Amino acid sequence: MNAILGGNMSSPSKPHHSDISRHLTEAIASGHFAVGSVLPTELELCDHYKTSRHTVRAALAELQRLGLVSRRKNAGTRVEATKPRDTFRPSIASVDDLVHFGTEYLRQVQSIEEVAVAAPVARDLDCAPGTRWLRISSLRLDTGGEGGPIGWTDLYVDPAYSEVRDLVRESPGTLVSSLIAERYGRQIVEIHQDVRADTVRDAAMAKALQVEQGAAALKIVRRYLDAEGLAFEVSVSVHPADRFSVSMRLQRSAS
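A few points on the structure. (Residues numbered from 1 in each chain as written. Predicted model: local features only at pLDDT ≥ 70, side-chain atom pairs only at ≥ 80, totals over all residues. Heavy atoms only, no water.)

### So, the overall build of the protein chain
Stage number 1. Scanning the protein chain from N- to C-terminus turns up nine helices and eight strands.
Stage number 2. Relative to its full complement of 255 residues, the protein chain shows a buried share of 42%.
Stage number 3. Partitioning the contacts of the protein chain with sequence separation of at least 6, the portion at a separation of at least 24 is 59%.
Stage number 4. Of the roughly 14000 Å² of accessible surface on the protein chain, 48% is carried by carbon and sulfur atoms. (Helix = DSSP H or I, 4+ residues; strand = E, 2+ residues; numbered from the N terminus. Buried < 20%, exposed > 50% of the residue type's maximum accessible area, 1.4 Å probe, protein only. Contact = heavy atoms within 4.5 Å. Areas by Shrake-Rupley, 256 points an atom, 1.4 Å probe, with all protein chains shown as cover.)

If you want it as structure tokens, here you go:
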């Protein structure tokens, strides 16, 4: 199995399903699994990755969402393409999932500055116009660096955490919320997420995202709350409509 998959993956003893899907994606892209071939069975993958069938199924489902494979009962998992569709489709159901997503996609910091927010931004942040925040603006890129940036994020942090400015530059791959938790002991307990249709209104943002100004976009506002229910971090992300979608699975609650 190691030879088929091109060696062991560098990951924890119990890998997350996204670690497995990324490893399999690399194996498909490199030609270890050619288009038309069938992947190892779920049980074989469980044995290789030393994980549960539930985790393997989640990884394979992610490959299917990306358009890399098709799955049919009693026919296995067939490779359909070597590159994912040009759409980013996260499935986020918990704080841990969102944190894991944040560590998977590259953050390219564009600017860090303290600002007094104008009324339109203040509505997104649920604060009074003129409130001062430390704003960290960045592009989000997929790990392959292909297909253009998946989005632009303005992250607003309580300016009392001024040291975060230097920490972000020193550790660009670490989530800002993790830096705040490590330095100040303030942790995310709950996240409020608001998703809405919008356009790329800012010319500089449009240029960075490689789209026309006014292009359709998905806007996601996330308010990060601590144990007392207070927001200490708010992110406003703008994603070109053809590069990002939000996928959710709803289940009926038990009676």
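### Examining helix α3 (residues 42–49)
Stage number 1. Among all positions in α3, only Glu42, Leu45, Cys46, His48 and Tyr49 are buried. Down the axis of α3, the sector holding all buried residues measures 165°, keeping them to one side. For α3, the exposed residues lying more than 90 degrees away from the buried face are Leu43 and Asp47.
Stage number 2. Following α3 by one or two positions, Lys50 has its phi on the positive side, about 55°. (Arc of directions from axis to C-beta.)

### Section: the packing of aromatic side chains
Aromatic rings considered in pairs are described by the distance between their centres and by the relative angle of their planes.
Stage number 1. For the coordinates displayed, the defined rule picks out two aromatic pairs.
Stage number 2. Seen from their ring centres, Trp133 and Tyr156 are 6.5 Å apart, and the 80° between their planes marks the pair as edge-to-face. Remark: Tyr156 occurs in strand β5 (residues 151–157) and Trp133 occurs in strand β4 (residues 132–141); sequence separation between them is 23 residues. For the residue pair Trp133 and Tyr156, the accessibility class agrees, reading buried in each case.
Stage number 3. With centroids separated by 4.3 Å and ring planes inclined at 40°, the aromatic side chains of Tyr161 and Tyr184 adopt a geometry described as tilted. Separated by 23 residues along the polypeptide, Tyr161 in the loop between β5 and α7 (164–170) and Tyr184 in helix α8 (residues 176–184) bring together distant segments of the chain. (Phe/Tyr/Trp six-rings, centres within 6.5 Å; stacked < 30°, edge-to-face > 60°.)

### Let's talk about the packing of helix α2 (residues 17–29) against α3
Stage number 1. α3 packs onto α2 with a crossing angle of 105° between their chain directions and a minimal axis gap of 12 Å. By the angle between their directions, the pair α2 and α3 is classed as roughly perpendicular. Counted together, Ile20, His23 and Leu24 of α2 and Leu45, His48 and Tyr49 of α3 form the full contact between these two elements. (Axes fitted to C-alpha atoms, helices over the stretch in contact; angles between N-to-C directions. Parallel < 35°, antiparallel > 145°, perpendicular 65-115°, else oblique.)

### Points about a nonpolar patch on the surface
Stage number 1. Together, Val195, Val246, Met248 and Leu250 give the surface a local cluster of nonpolar side chains, amounting to about 420 Å² of exposed area.
Stage number 2. Following the sequence through the fold, Val246 ends up in the segment after β8 (231–240). (Patch = residues over 30% accessible without salt bridge, like charges linked within 9 Å, V, L, I, M, F, W, Y side chains within 5 Å. Salt bridge = Lys/Arg side-chain N within 4 Å of Asp/Glu carboxyl O.)

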